[in-house]
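Per-entry structural report
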Amino acid sequence: MQKVMKVDSATFERMKKVYSTNTHLPAGAAFRMKGSRVVVTGYTKSKKVMFQGVAAADEVQRWGTTQSVSAKQRANRQQPTDLPAGFSSWSVLGSDEVGTGSYFGPLTVAAVYVAANQVEPITQLGVRDSKTLTDPEIIKLAKKIMATCPYHIVNLNPRIYNDKIKGRSQAALKALCHNLALSKVLNQLKPQVPAAILIDQFEQPRTYFRHLQGQPVIVRDHVYFRVKGEQAHVAVAAASVVARAYSLKMMDQLSEQAGMTLPIGANHLVDEVAAKLIRRGYQLRDFAKLHFANTDKAQQLAER
Ligand code: MN
């Protein structure tokens, strides 16, 4: 399957960014992206772009006519669709968060940029969703990622978290943190632009953007959402690892401050530890996410 599309200069430049070259460049070509289902080659002089492979037709359709690109992308944002062909080998800025389900400790969001030429080496390191890695592995991998890839971490320790969540849902707070982390990395990358941004999806894109209304900077261009985003691009896996490593460090600090090991999660053990903290005269708001039901349970246990 082969399709050829003639585009204007602006679209050509845009495509050049989206399809970062990851393979041998033929004579006269400005870019060539080789994915498993489609190969895209752009020729400098003619501004002709060739799409080859089983997904060629789908990939051409993605660009529509040159004028309708942005309208089409806007529509994609409303209705989650499949990611474009070859996405996993693109230069992608990914974001993920940890700590939302844990009573003790921070909410931590990381955004990590993995350029096309780093996709293979970062994957080879064994970077995957942090839930499937041990703590020592996470720490080791995070160091390597942070040494190679532009990143930003937004960490809300409990005291700040409890303050920021007032009048908001946790999802709204998460959205703000993702947006901030992403915008910080975009600033670092300038004038470079990632081919796409992938957020590990935690709610509908519409709702996500509604939470961001009124923010001075809203990252929304070329943003994709994906549940289990780490499977769609290693940048999300890398973000998950970086966020978890930072969260572990914060948990250690908080445990030291409390004089006892603060467990992760929101189970019964957590209530016992929280009750102990209260009995020893500590303020739960310095260590825990107060809106969790664990707060009441701990209070009751402490008063027994
Ligand atoms: Mn996630």
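Above this text is the structure in question.
Small disclaimer: the values here were computed from a predicted structure and weren't measured. (Residues numbered from 1 in each chain as written. Predicted model: local features only at pLDDT ≥ 70, side-chain atom pairs only at ≥ 80, totals over all residues. Heavy atoms only, no water.)

Some words on the side chain of Lys289
This is how the line gets drawn: Here a helix means four or more residues in a row that DSSP labels H or I, a strand means two or more in a row labelled E, and each is numbered from the N terminus. Here the term buried applies to any residue with accessible area under 20% of the maximum for its type, exposed to any over 50%, and partly exposed to those in between, with areas from a 1.4 Å probe on protein chains only. Here Asp and Glu are counted as negative and Lys and Arg as positive; His is not counted, and neither are the chain ends. By definition here, a salt bridge exists when the distance from a side-chain nitrogen of Lys or Arg to a carboxyl oxygen of Asp or Glu is within 4 Å. Counted as a polar contact is a pair of N or O atoms within 3.5 Å, where, for protein atoms, one must be capable of donating a hydrogen and the other of accepting one, and residues adjacent in sequence contribute only when both atoms are in side chains. In this description, contact between two residues means that some pair of their heavy atoms is separated by no more than 4.5 Å.
Here Lys289 shows up in the loop between helix H10 (268-279) and helix H11 (294-303). One buried charged residue, Lys289, forms no salt bridge at all, with the nearest opposite charge on Glu97 at 11 Å. A polar contact is formed between the side chain of Lys289 and the backbone oxygen of Ser102, at a distance of 2.6 Å. When sequence neighbours within four positions are dropped, the list of residues in contact with Lys289 reads Gly99, Ser102, Tyr103, Phe104, Gly105, Pro106, Leu107, Tyr161, Asn162, Gln170 and Thr295.

Details of the nonpolar core
As a reminder of what qualifies: We call a set of buried residues a nonpolar core when its members are Ala, Val, Leu, Ile, Met, Phe, Trp, Tyr or Cys and they connect through side-chain atoms within 4.5 Å of each other.
In this structure, Met15, Tyr19, Phe51, Trp90, Val114, Val127 and Ile145 are the most contacted members of the largest nonpolar core, which totals 52 residues. A total of 11 residues in this core trace back to one element, the largest contributor, which is helix H9 (residues 234-258). Those residues in contact with Val114 that sit more than four places away from it in its chain are Trp90, Ser91, Val92, Val119, Ile122, Cys149, His233, Val234, Ala235 and Ala238. Judged by nonpolar contacts, the second largest core, of 26 residues, contains Leu173, Val185, Ile199 and Val223.

Focus on the packing of aromatic side chains
Selection criterion: Two aromatic rings from Phe, Tyr or Trp, using only the six-membered ring of Trp, form a pair when their centres are within 6.5 Å; if the ring planes differ by under 30 degrees the pair is stacked, by over 60 it is edge-to-face, and anything between is tilted.
Evaluation of the coordinates by the stated rule reveals 13 aromatic pairs. Both rings, one in Tyr19 and one in Phe31, keep their centres 6.1 Å apart while their planes meet at 20°; by these two values the pair is stacked. Taken together, the residues span a long stretch of sequence, with Tyr19 in the loop between helix H1 (9-18) and strand S2 (29-34) and Phe31 in strand S2 at a distance of 12 residues. Since its relative accessible area comes to 0%, Tyr19 is described here as buried. With a relative accessible area of 1%, Phe31 lands in the buried category. Consider the rings of Phe87 and Trp90, whose centres lie 5.2 Å apart with planes at 40°: the pair is tilted. Note on Trp90: relative accessible area 0%, which makes it buried.

Thoughts on the coordination of the manganese ion
Just so we agree on the cut-off: Distances decide who is a donor: an N, O or S atom must be within 2.8 Å of the metal, or within 3.2 Å for Na, K and Ca. Water is not included, so sites may look incomplete.
For the manganese ion, the full set of protein donor atoms is Asp96 (OD) and Asp200 (OD), at a range of 2.1 to 2.2 Å. Here the residue Asp96 occupies a position in strand S5 (residues 92-98), and Asp200 occupies one in strand S8 (residues 196-200), the gap between them amounting to 104 residues. With a relative accessible area of 4%, Asp96 lands in the buried category. Look at Asp200 and you get buried, because its relative accessible area is 12%.

Points about helix H4 (residues 116-124)
The line we're drawing: Here, the arc refers to the directions that run from the helix axis to the C-beta atoms.
Three or more residues of H4 are buried, namely Ala116, Val119 and Ile122. The arc enclosing the buried residues of H4, seen along the axis, measures out at 95°, which places them on a common side. Those residues of H4 that are exposed and angled more than 90 degrees off the buried face are Asn117 and Gln124. Looking at the buried positions of H4, the neighbouring elements they touch are strand S6 (107-114), helix H5 (135-148) and H9. Immediately downstream of H4, the backbone of Gly126 shows phi near 100°, a positive value.

Re the sheet that holds strand S1 (residues 2-6)
Counted only if it meets this: In this analysis, strands are considered paired if DSSP registers two or more bridges between them. Throughout, an axis means a line fitted to C-alpha atoms (over the contacting stretch in the case of helices), and angles, computed between N-to-C directions, take values from 0 to 180 degrees.
Read from one edge of the open sheet, four strands run S1-S4-S3-S2, paired in antiparallel fashion. The open sheet has two free edges, formed respectively by S1 and S2, since each of these has just one partner strand. Neighbour to neighbour, the strand axes of the sheet diverge by 10° on average, direction disregarded. Relative to strand S4 (residues 48-52), strand S3 (residues 39-43) runs antiparallel, the two sharing five bridges. Looking across to S4, one finds that Tyr43 is bridged to Lys48. Strands in contact with H1 are S1, S2, S3 and S4; relative to S2, the strand with the most contacts, it is inclined by about 45°.

Focus: the pairing of S4
The pairing of S1 with S4 spans five bridges and is classified as antiparallel. The partner of Lys6 across the bridge, within S4, is Lys48. Count of turn residues in the S3/S4 antiparallel hairpin: four residues, of which Lys47 carries a positive phi of about 55°.

Considerations on the sheet that holds strand S9 (residues 223-226)
Taken in spatial order, the five strands line up as S7-S6-S5-S8-S9 in an open sheet, and their pairing is mixed. The strands lining the two open edges of the sheet, one partner per strand, are strand S7 (151-156) and S9. Averaged over all pairs of adjacent strands, the angle between strand axes in this sheet comes to 15°, irrespective of strand direction. Across four bridges, the pairing between S5 and S8 is parallel. Along S8, the bridge assignment pairs Leu93 with Ile197.

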